[in-house]
Each structure stands twice: as structure tokens, then as C-alpha cells.
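Read off the chains here:
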Amino acid sequence: MQLSEREDNGVAILMPSGKIMGGPDAAILREKIHELVKGGKLQVVIDLAKVDWMNSNGLGILISGMTTLRDNNGDLKLANVTEKIQSLLTITKLITVFEAYDSVPDAVQSFSASGSN
Amino acid sequence: MTHTSRDSLRLVIPSEPKRIAEADEFVESALRERGVPESLISDLAIASTEMVNNAIIHGNKKDASKKVKISMTFTADEVEIRVEDEGRGFNPDNVPDPLAEENLLREVGRGIFIVRSLMDNMEYEQTDEGGMAVIMRKSFESS
């Protein structure tokens with residue numbers, strides 16, 4: 001997994017690519033989210049467009065990031081969820097806990113609409 | 001599918017989390033070389049990496065001196081993937097239900113559920129050496 005990052009309108013956008021399967025690569029995503037929280041960046045979008053697939057390790061990182069951000073009055077939202085990941089979110093019922101959007105701009109915009117930090 | 005007879009291959013890795021990518025590469029290459037459809041390859045890769053992670057982390061407690069063995073056996077109709085560790089094993093029926101409301105936000109505990117959802121069949125057995133083996137099967141018909 002590779003990870004790139006940008007910012008739009010005060011919202012941090014993380015773009016992992018490849019496979020999120022565990023091991024030291026996946027830990028980079030977890031550490032990045034915690035680094036953002038530490039730096040006071042509490043509005044985060046994960047752009048999943050370039051993620052081939054993830055296993056439960058990847059799902060766990062997303063859940064952990066989301067709960068940490070929500071505990072700090074922020075949020076983690078998903079954008080461009082691929083068919084394979086959508087299917088995993090559905091069978092694990094995690095689709096009910098994440099906010100997911102069709103595009104990054106839609107996800108970024110949702111933070112202004114909701115008024116969260 | 002290009003293969004017509006039973007064939008098998010095996011990878012043995014030390015129990016280090018960084019070796020998960022090597023296990024994935026082994027599984028995906030073997031499937032791709034045999035013409036398995038891409039839609040099935042990702043399901044099999046997800047299931048295999050779930051079980052190899054479990055073997056490294058929970059079975060062998062990341063002890064690099066302990067090995068994880070990944071075996072693949074192909075027949076004309078299906079692939080069987082067997083992941084063995086040197087741990088003491090566990091009762092998969094004791095794993096909390098990851099779909100229960102109180103567990104939904106837990107970071108861990110979904111691996112076995114996901115494997116059961118993606119594979120046609122999943123079994124556990126004690127190895128001759130006293131470790132644990134997980135055996136997963138997937139039919140090529142399900143693509």
C-alpha cells in the first residue's frame with residue numbers, strides 16, 4: 001500500500017493505493033490518521049478509488065480512525081468506495097456506521113453541511 | 001481454466017508481519033498462472049491474508065522462529081488453501097459475533113467471519129506437530 005495526502009477546504013484527504021492487508025504498510029495509514037488527530041486535523045476523507053481490496057485489517061484501521069476522530073468531535077468519511085470494498089462493508093454491516101460519498105468533493109462538502117469540526 | 005489435473009505448491013514463511021505481502025504474492029501468482037478469474041482472485045487473496053495474519057499474530061505470536069505454511073492444491077473444479085501455524089489453536093465458535101451491535105465498532109474480530117463469507121467451505125484441524133491448520137475451499141464455478 002502507498003499513501004498520499006492533500007488538503008481541500010481544511011479537510012485532510014488521504015489516498016491509499018494498492019492493497020490494505022496488514023503488516024507495516026497498513027500501519028502507515030493508521031499512524032497518519034493519528035498524526036492528523038494530534039495536529040488538530042479532525043475532518044478526514046479517505047479516498048478509496050485506488051485501493052484494490054482490503055481485508056479485516058484495513059476495515060479495522062478505518063473503524064479505529066473513525067472512532068478516534070468522532071471522540072474528538074471530528075469525523076472520518078469515505079469516498080469512491082469500490083465494488084469490492086462496498087461488498088465487505090455490507091457483509092460486515094459497517095456500511096451502517098460509515099458515511100460514504102460518490103466523490104471526494106461530495107465528501108469534503110458534507111463537512112460544511114454538517115457543521116462538524 | 002488451464003489446469004486439468006491436481007497440482008500443489010507450498011510457501012513457508014517466518015512469523016513476521018512484514019511477510020504478509022509475500023504470502024499474498026504467492027497466492028495471487030499461483031491463481032493467475034492457472035487462469036483463475038480476477039473476481040475470484042481478490043476473494044481468495046483477502047481470505048488467505050486474513051488467515052496468514054491470524055497465524056502470524058495469534059497462532060505464532062509473531063515469533064519469527066515459528067513458521068507459517070501456506071499450501072495450495074488445485075483440481076479442475078476448485079482450489080484448497082491450507083494455512084498452518086505452530087500455535088496452540090483456538091475454538092472458532094468462541095469468537096464474538098462481529099455483527100452484534102456491541103461489537104460493530106471493534107477494531108478486530110472480523111477475519112473469520114469474512115473468510116466464511118467469501119469461501120465455500122472452511123475447516124480447522126490440529127496438525128501432526130500440534131499446531132493449527134485452517135483449510136479453505138473455493139469452487140471455480142462461483143465466479
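Residues numbered from 1 in each chain as written. Chains lettered and ligands numbered in written order. Predicted model: local features only at pLDDT ≥ 70, side-chain atom pairs only at ≥ 80, totals over all residues. Heavy atoms only, no water.

(A) Here's a closer look at the overall build of chain A. Each helix and strand in chain A was counted, giving 4 helices and 6 strands. Along chain A, helices and strands appear, N-terminal first, in the series β-β-α-β-β-α-β-α-β-α. For the C-alpha atoms alone, the extent of chain A along its principal axes is close to 30 × 25 × 25 Å. In chain A, which comprises 117 residues, the proportion classed as buried is 50%. In chain A, of all internal contacts separated by at least 6 residues, the share reaching a separation of at least 24 is 71%. On chain A, roughly 5000 Å² of surface is accessible, and the fraction owed to carbon and sulfur atoms is 44%. (Helix = DSSP H or I, 4+ residues; strand = E, 2+ residues; numbered from the N terminus. Buried < 20%, exposed > 50% of the residue type's maximum accessible area, 1.4 Å probe, protein only. Contact = heavy atoms within 4.5 Å. Areas by Shrake-Rupley, 256 points an atom, 1.4 Å probe, with all protein chains shown as cover.)

(B) Region of the structure containing the nonpolar core. A:Ile46, A:Phe98, B:Ile70 and B:Met136 are the most contacted members of the largest nonpolar core, which has 70 residues in total. It is helix α2 (residues 38–59) of chain B that contributes the most residues to this core, 10 residues altogether. Leave out the neighbours within four places in its chain, and A:Phe98 touches A:Leu62, A:Ile63, A:Met66, A:Leu76, A:Leu78 and A:Leu89. Membership of the second largest hydrophobic core comes to 8 residues, among which are A:Ile13, A:Val45, A:Ala79 and A:Val108. (Core = buried A, V, L, I, M, F, W, Y, C linked by side-chain atoms within 4.5 Å.)

(C) The arrangement of the interface of chain A and chain B in detail. Across the contact, 25 residues belong to chain A and 24 residues belong to chain B. Between chain A and chain B, roughly 1900 Å² of surface is buried when both sides are summed, and carbon and sulfur atoms account for 66% of that area. Run the count over chain A and chain B and you get 4 salt bridges. With a shortest N-O distance of 3.0 Å, B:Glu28 and A:Lys19 are connected by a salt bridge. Here chain A is connected to chain B by 7 residue pairs in polar contact (both at pLDDT 80 or more). When contributions to the side of chain A that touches chain B are tallied by element, the ones reaching two or more residues are α1 (23–38), β4 (51–54), α2 (56–71) and α3 (83–91) of chain A. In the side of chain A that touches chain B, the residues fall into 11 nonpolar, 10 polar and 4 charged. (Buried area = accessible area lost by both parts, 1.4 Å probe. Salt bridge = Lys/Arg side-chain N within 4 Å of Asp/Glu carboxyl O. Polar contact = N/O pair within 3.5 Å; in protein donor to acceptor, adjacent residues only side chain to side chain. Nonpolar A, V, L, I, M, F, W, Y, C, P; charged D, E, K, R; others polar.)

(D) The pattern of salt bridges, seen in detail. Inspection of every chain in the model, using the stated rule, returns 20 salt bridges over all chains. Note that B:Glu123 is salt-bridged to B:Arg137, the shortest N-O span being 3.2 Å. In this pair, B:Glu123 sits in strand β4 (residues 121–126) while B:Arg137 sits in strand β5 (residues 132–139), placing the two residues 14 residues apart along the sequence. Members of the salt-bridge network, linked through shared partners, are A:Lys19, B:Asp24, B:Glu28, B:Arg32 and B:Glu38.

(E) Quick peek at helix α3 (residues 111–118) of chain B. Buried within α3(B) we find B:Gly111, B:Ile112, B:Ile114, B:Val115 and B:Leu118. Down the axis of α3(B), the sector holding all buried residues measures 160°, keeping them to one side. Lining the buried residues of α3(B) we find α2 and α3 of chain A together with α2, β4 and β5 of chain B. (Arc of directions from axis to C-beta.)

(F) View of the pairing of strand β1 (residues 2–8) of chain A. Residues and elements named next belong to chain A. Two strands pair when backbone bridges link them, and β1 and strand β2 (residues 11–20) are joined in this way by 7 bridges, in the antiparallel orientation. The partner of Glu7 across the bridge, within β2, is Ala12. In sequence, β1 turns back onto β2 through a hairpin of 2 residues, with Asn9 there showing a positive phi of about 55°. (Pairing = 2+ DSSP bridges.)

(G) Spotlight on the layout of surface pockets. Empty space within the largest pocket amounts to approximately 890 Å³. B:Asn53, B:Asn54, B:Ile57, B:His58 and B:Val108 are, among the 39 residues lining the largest pocket, the residues nearest its centre. Those elements that place two or more of their residues in the lining of the largest pocket are α1 and α2 of chain A together with α2, α3 and β5 of chain B. In terms of residues, the lining of the largest pocket owes the most to one element, α2(B), which gives 8 residues. Here the residues of the lining of the largest pocket sort into 17 nonpolar, 13 polar and 9 charged. (1 Å grid on protein atoms, 1.4 Å probe; cavity = no way out; pocket = protein on both sides within 12 Å on 5 of 7 lines; lining within 4 Å. Points joined across faces, edges and corners; volume = space filled by probe spheres on them.)

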